[in-house]
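Breakdown of the fold
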Amino acid sequence: MKDKRSGTQVLYGLLPEQTADLQGGIWKTVEWRDPIKVDVDEAAIRQRLETEILGWTRDVGAVHASRTLDIEVVKVNDARGVKVERYPEIYICRHCRRVESVRDRNCACGQRSWQQSHFVGYHECGRLEAPRIPRCERHNQVRMEYQPTIDASKILFKCPICQTTLQRGFSYRRCPCGRRWPQRDSHALAYTVHRSASVYAPQSFVLINPGTKRRIIEITESGGPRRALTWVLNGMREDRPSERQHTTSSLVDQLVASGVSRAVAEQMAGVAASHGELTSEDDLGPLATAPHERLLQAEREAVDLALATFDGRVRVQDLISDGVPVAVRDRYTNAYPEAIQRAGLETVELADRFPVMRAVYGFTRGGTVPGAVNLNLFSGKRGRRVYADPQQSEALMFRLNPTLVARWLRQRGHDLPTAPDDRGIRATIASAIDLPDRFNEHTGQPTPGSDLLTLVHSYAHRVIRQLSVFAGVDRESLGEYLLPSHGVFFVFAAARGDFVLGGLQAVFENDLQTFLDAVVNAEHRCPLDPACERNGGACHACAHLGEPVCGHFNRYLRRGTLFGPNGYLRLVS
């Protein structure tokens, strides 16, 4: 069977052991044929995969076990495609509703008009089975009565000849894995329609992927994570961290990364310093004495920012050129900066070659709540396999005003020391943040990290909901990438195709002020209030986004962080 799908559709709709509706039938993916290996930063992939395994299993032993296995990241081979097979092989006659396991012959009623059954059996261990259909012992026939609901327990099987009731629902079937399914308190398979989210839910993450290891090496050799961090703390004034003048420590890091011993690198840096070739060491402020994990977190996010904008970033001032009409120049010079300020932002930029990779590392059956269901990881030839769709897309980068963020955190009751300038404020915020992971809903007293994540995440969802309207795309065609330690988030075009690409650029060049004013002023109340407000202030009607747009399971969201009496946007007005 031949059919065409985009890379994103294949990534989320045609994964191993997943069923799909294709050309009027139901098919199960057997394998990706000769997938192509993706050139990625293996350390970043392994670190992220270990975080995902720990989040789902809460089992440190499982993380340690994964370190003994190789990890391969692959993308679909366009020339070879994906191998699928019909599944389940259960066919119902449209004329008399007799059930057979083949469709290439006439039914006993004389007709040949078959439709495939949509019901499958599944278990949280990952097993998928075709339901076993009872047959009349006397006549060896069975009819499935019309089923108006997806409740498999109400299906009635009868003999079409003697009208004997054979069975109601599918028979009990103990899963061969032998494990008890905690959520159902049973060893048995469950039955429902194959398209149900409980049958197959891909589990994925989004990673900044520069496409080649050369980008990673270039960031490392230009001073590494520390230089990227100081670049971000200074406001990203230069296009790249490598354009900043070296300090002694950044030059030593670069030389060591290129293979020079540290002793020789320090001597060489000393010579450069004596000739006035180096600038003074960057002051990290409070980050210099912050817990080591907070410093590493700030550095990791700074490297992500450097990689995300490495191939091109367009700022508002870059739009102003000699050929721009006077009215448009006035928009870029006055209306855009004023709208950015009203939105509580420091800047909005266009990353026209945003290197993003969506990666699917496993699936769940029976639900999508971490810790409540079993995670089934994909296996490759020599270890774990991650299925990916690397893209170079377009994205808008939003950076919150650090002064307003600090005021908002203090207003929330968090003790943040004052700083004399934006650079110091950025360092102060990053030094106070312990970000909760996406697998755990924070309970108890809010922390600076949980509040900042909620603010950045809520703002990102608000932007996506408004941007989909202005860019003329579906919300599911957009994605988010959060860097909360630095008050930054990206919204990127997540699907391939001309119908998406170019939409964000058009908004940035033509309607940024109108779009930002809508983010601030458009209706923000929920149609389900007051119930929504009493239950967290975020629901599907006002703030939630579908998978895989939101990578945080729609947690750490609250409209009140933006629009409440003490909301962030109230500080601007």
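Residues numbered from 1 in each chain as written. Predicted model: local features only at pLDDT ≥ 70, side-chain atom pairs only at ≥ 80, totals over all residues. Heavy atoms only, no water.

1. Some thoughts on helix 5 (residues 224-233)
Heads up, the rule is: Classification of residues uses two cut-offs on accessible area relative to the type maximum, computed with a 1.4 Å probe and protein chains only: under 20% is buried, over 50% is exposed, and between them is partly exposed. Strands here are runs of E lasting at least two residues and helices are runs of H or I lasting at least four, both read from the DSSP assignment and numbered beginning at the N terminus.
Counting buried residues in helix 5 gives 8 out of 10 residues, a clear majority hidden from the surface. Where helix 5 is concerned, the buried positions are Gly224, Arg227, Ala228, Leu229, Thr230, Trp231, Val232 and Leu233. Taken from the residues just after helix 5, glycine 235 is the one with a positive phi, measuring 95°.

2. With respect to the packing of helix 10 (residues 402-411) against helix 12 (residues 448-471)
This is how the line gets drawn: Helix axes are fitted only over the stretch in contact, all axes being lines through C-alpha atoms; the angle between N-to-C directions runs from 0 to 180 degrees. By definition in this entry, angles of less than 35 degrees are roughly parallel, angles greater than 145 are roughly antiparallel, angles of 65 to 115 are roughly perpendicular, and the rest are oblique. Here a crossing is taken to be left-handed if its near helix is turned anticlockwise relative to the far helix by less than a right angle, and right-handed if that turn runs clockwise. The criterion used for residue contact is that any of the two residues' heavy atoms lie within 4.5 Å. When residues are grouped by polarity, Ala, Val, Leu, Ile, Met, Phe, Trp, Tyr, Cys and Pro land in nonpolar, Asp, Glu, Lys and Arg in charged, and all others, Gly among them, in polar.
At a minimum axis separation of 11 Å, helix 10 and helix 12 run at an interaxial angle of 125°. In terms of axis orientation, helix 10 runs oblique to helix 12. As for how helix 10 packs across helix 12, the hand of that crossing is right-handed. Contacts between helix 10 and helix 12 involve Val405, Trp408 and Leu409 from the former and Pro448, Asp451, Leu452 and Leu455 from the latter. Looking at the contact of helix 10 with helix 12, its residues break down into 6 nonpolar, no polar and 1 charged.

3. Considerations on the confidence of the model for the chain
Let me state the cut-off plainly: Confidence scores here are pLDDT values: one per residue, from the predictor, ranging 0 to 100.
Averaged over the chain, the pLDDT score is 89; the fraction of residues at 70 or greater is 94%. Per-element confidence in the chain ranges from a low mean pLDDT of 65 for helix 4 (residues 213-221) to a high of 97 for helix 14 (residues 512-521).

4. Quick look at the environment of aspartate 185
For clarity, the threshold we go by: Pairs of N or O atoms are called polar contacts if they sit within 3.5 Å, as long as, within protein, a hydrogen donor faces a hydrogen acceptor (for residues adjacent in sequence, only side-chain-to-side-chain pairs).
Along the polypeptide, aspartate 185 turns up in the loop between strand 13 (165-168) and strand 14 (190-193). A C-alpha to C-alpha distance of 55 Å links aspartate 185 and aspartate 422, two positions 237 residues apart in sequence. A distance of 2.9 Å separates polar atoms of two side chains, one belonging to aspartate 185 and the other to arginine 180.

5. Topic: the packing of aromatic side chains
To keep it simple, the criterion reads: Side-chain rings of Phe, Tyr and Trp, where Trp is taken by its six-membered ring, are said to pair if the distance between their centres is within 6.5 Å; with planes under 30 degrees apart they count as stacked, over 60 as edge-to-face, and otherwise as tilted.
One pass over the full model with this rule turns up 20 aromatic pairs. Taking the centre distance of 5.0 Å and the plane angle of 15° together, the rings of phenylalanine 398 and phenylalanine 489 count as stacked. Of this pair, phenylalanine 398 sits in strand 18 (residues 383-400) while phenylalanine 489 sits in strand 20 (residues 488-493), and the two are 91 residues apart along the sequence. Residue classification places phenylalanine 489 among the buried positions, given a relative accessible area of 0%.

6. Here we look at the pattern of salt bridges
Stated precisely, the cut-off is as follows: A pairing counts as a salt bridge when a side-chain nitrogen of Lys or Arg comes within 4 Å of a carboxyl oxygen of Asp or Glu.
Counted according to the given criterion, the structure contains 30 salt bridges. Arginine 300 is paired through a salt bridge with glutamate 293; the nearest N and O atoms lie 3.0 Å apart. Residue glutamate 293 is classed as partly exposed on the basis of its relative accessible area, which comes to 46%. A cluster of three or more residues bridged by salt bridges with shared partners is formed by Asp529, Glu533, Arg558 and Arg559.

7. Structural notes on the pairing of strand 1 (residues 19-22)
Under the convention used in this document: At least two DSSP bridges between two strands are needed for those strands to be called paired.
When strand 1 meets strand 2 (residues 25-32), the two strands line up antiparallel, connected through 4 bridges. Note that in strand 2 the partner of alanine 20 across the bridge is tryptophan 27. Linkage of strand 1 to strand 2, two consecutive antiparallel strands, is achieved through a turn of 2 residues, within which glutamine 23 is found at a positive phi near 50°.

8. Some words on the sheet that holds strand 14
As summarised here, the arrangement of the 3 strands in space is 10-9-14, forming an open sheet in which the pairing is antiparallel. Two strands lie at the open edges of the sheet, namely strand 10 (128-129) and strand 14, each paired on one side alone. Pairing of strand 9 (residues 119-122) with strand 10 involves 2 bridges; the strand directions are antiparallel. Residue pairing in the sheet places glycine 121 in a bridge with glutamate 129 of strand 10.

9. Digging into empty space enclosed by the protein
In plain terms, the rule: Cavities and pockets are found on a 1 Å grid laid over the protein atoms alone: a cavity is a set of points where a 1.4 Å probe fits but cannot escape, a pocket is an open set with protein on both sides within 12 Å along at least five of seven lines, and a lining residue has an atom within 4 Å of such a point. Grid points are joined across faces, edges and corners, and a volume is the space filled by probe spheres set on the points.
One pass over the structure, following the stated rule, counts 1 cavity of 30 Å³ or more. As a volume, the largest cavity reaches approximately 130 Å³. Along the walls of the largest cavity sit 13 residues, with Pro402, Arg426, Ile429, His486 and Gly487 positioned nearest its centre. When contributions to the lining of the largest cavity are tallied by element, the ones reaching two or more residues are strand 18, helix 10 and helix 11 (422-431). Grouping the amino acids of the lining of the largest cavity by side-chain chemistry returns 7 nonpolar, 3 polar and 3 charged.

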